[in-house]
Amino acid sequence: MSAPRIPVTVVTGFLGAGKTTLLSNLIRDSKQRRLAILVNEFGEVSIDGALLRGEGSGAEIHDLSNGLVAYDDDEDFLPTMQALWQRRSVIDHVLIETSGLALPSAVMEQLQGEALAPYFVLDATLAVVDTPLLLDGGFGQASSDERAVDASVAELFELQLANADIVVLNKIDGLDDDALLSAEARVRELAPSIRFIELAYDAKLDTRLTLGLHLHEPANTAHRHYGPMATMPGLTMRPLANQGLLDGHSHGGLGAHSHGLATHKHFHEQDPGWQSFMIRSKETQHPDTLRDAVAALARSEPILRVKGFAPTEGGRLLIQAVRNRVEARVDETASAKQAQLVFIGYHPSRPRLVEQLRELTGTIWH
């Protein structure tokens, strides 16, 4: 007996583009679909996975610990996907959120490999863009001094766009039409092969323009089935990070805009300077003090992204930062036992960050 393949949407985008917020709203507005979300982060723990679970969306959330999803050394991606296939009766669509430092090409190639192609089909790849940062020259196109971090940021951002079907202009509330036209022109200059550009007001997308697009299926095979599928070949049961169960080679092309695994590996092998680590504190934090401290750290160290939470008076303090642009919000419905901040940067000094956090907040961090 045959079964239809499960569609997969890949959500990529640079650090701090707003992927998790966009996903949170998307799954909340997709109650008619039974979704499985794979969250990939470049960090010690999945802050994004925890935030998505906290939304109470009802979607099935899986954390992928390898910061570069579907790379050769990622031992969780294939087993997780194959476990989802075993539960296909309760899953309509899979969403994969890549880390801000990953290219989507590795996932795209794995989906077309012999281990997954009979069971899953790439629906579309979305690249989420921090529009104000794009317009401000934050990806190296306008104020390109000679610093390695700017060159690395620009290269990775452009590669993410080049592998996308759809670009989502995010964080656009307050921008006028001229700014939006400028952003669209810049995106099309960087990635002429982009099929669509969508606007995400209030970090929301119309699910009809996002899920079920069939962009990677020929029109005459949109409903093609791939033979008997009661079980997957080579399936070996073993525990997974979030639930439990499990195998890859490549065939076929990825389309004109794909750079494939070779580019994926080359970028990170040639540029190993990206680092991620977590800093913790058991003390209660003041929202304004911690926000100002994080902004100061981003000015003193090559930090591009900070995210996490902390205990504060009246609830849980959520911290989101892109460079020295920091947002701090208190969630009065939640609590935190300790502060956990993930820092992502280009050759940052962890000891200096810990020392400065202690001085700026007057609390103990480690």
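Located above this text is the structure these notes cover.
Calculation notes
- Residues numbered from 1 in each chain as written.
- Predicted model: local features only at pLDDT ≥ 70, side-chain atom pairs only at ≥ 80, totals over all residues.
- Heavy atoms only, no water.
- Axes fitted to C-alpha atoms, helices over the stretch in contact; angles between N-to-C directions.
- Helix = DSSP H or I, 4+ residues; strand = E, 2+ residues; numbered from the N terminus.
- Left-handed = near helix turned anticlockwise from the far one by under 90°.
- Contact = heavy atoms within 4.5 Å.
- Nonpolar A, V, L, I, M, F, W, Y, C, P; charged D, E, K, R; others polar.
- Salt bridge = Lys/Arg side-chain N within 4 Å of Asp/Glu carboxyl O.
- Buried < 20%, exposed > 50% of the residue type's maximum accessible area, 1.4 Å probe, protein only.
- Pairing = 2+ DSSP bridges.
- Core = buried A, V, L, I, M, F, W, Y, C linked by side-chain atoms within 4.5 Å.

(A) Quick look at the packing of helix α9 (residues 287-300) against helix α10 (residues 350-361). Where α9 contacts α10, the axes come no closer than 9 Å and their chain directions differ by 145°. Note that α9 runs across α10; the crossing there is right-handed. Touching Thr289, Leu290, Ala293, Ala296, Leu297 and Ser300 of α9 are Leu353, Gln356, Leu357, Leu360 and Thr361, all from α10. Classifying every residue of the contact of α9 with α10 gives 7 nonpolar, 4 polar and no charged.

(B) Fine view of the pattern of salt bridges. In this structure the tally under the stated criterion is 10 salt bridges. A salt bridge links arginine 34 to aspartate 92; the shortest N-O distance between them is 2.9 Å. A residue pair is termed long-range when its members are at least 10 positions apart, and arginine 34 in the loop between α1 (19-28) and β2 (35-40) and aspartate 92 in the loop between α3 (77-86) and β4 (93-97) qualify at 58 residues. Classification of arginine 34 as partly exposed rests on a relative accessible area of 41%.

(C) Highlighting the environment of alanine 200. Tracing the sequence through the fold places alanine 200 in the loop between β7 (196-199) and α8 (260-270). Here alanine 200 falls in the buried class, since its relative accessible area comes to 0%. For the pair alanine 200 and asparagine 170, spaced 30 residues apart in sequence, the C-alpha to C-alpha distance is 5.1 Å.

(D) Molecular detail of the pairing of strand β3 (residues 60-64). Counting buried residues in β3 gives 5 out of 5 residues, a clear majority hidden from the surface. The two faces of β3 match: Glu60, His62 and Leu64 on one face and Ile61 and Asp63 on the other face are all buried. When β2 meets β3, the two strands line up parallel, connected through 5 bridges. Across the sheet, residue asparagine 40 finds its bridge partner in β3, namely leucine 64.

(E) How the structure looks around the nonpolar core. Core analysis: the biggest nonpolar cluster contains 27 residues, and Phe14, Leu161, Val167 and Leu169 have the highest contact counts within it. Going through the elements one at a time, β5 (120-130), α6 (148-162), β6 (166-170), α7 (177-190) and β12 (339-346) are the ones with two or more residues in this core. By residue number, the principal contributor to this core is α6, which donates 5 residues. Among all residues touching leucine 161, those that are not within four sequence positions of it are Ala127, Val129, Val167, Leu190, Ala191 and Ile194.

In short, the description is geometric, and any link to function would need to be established separately.
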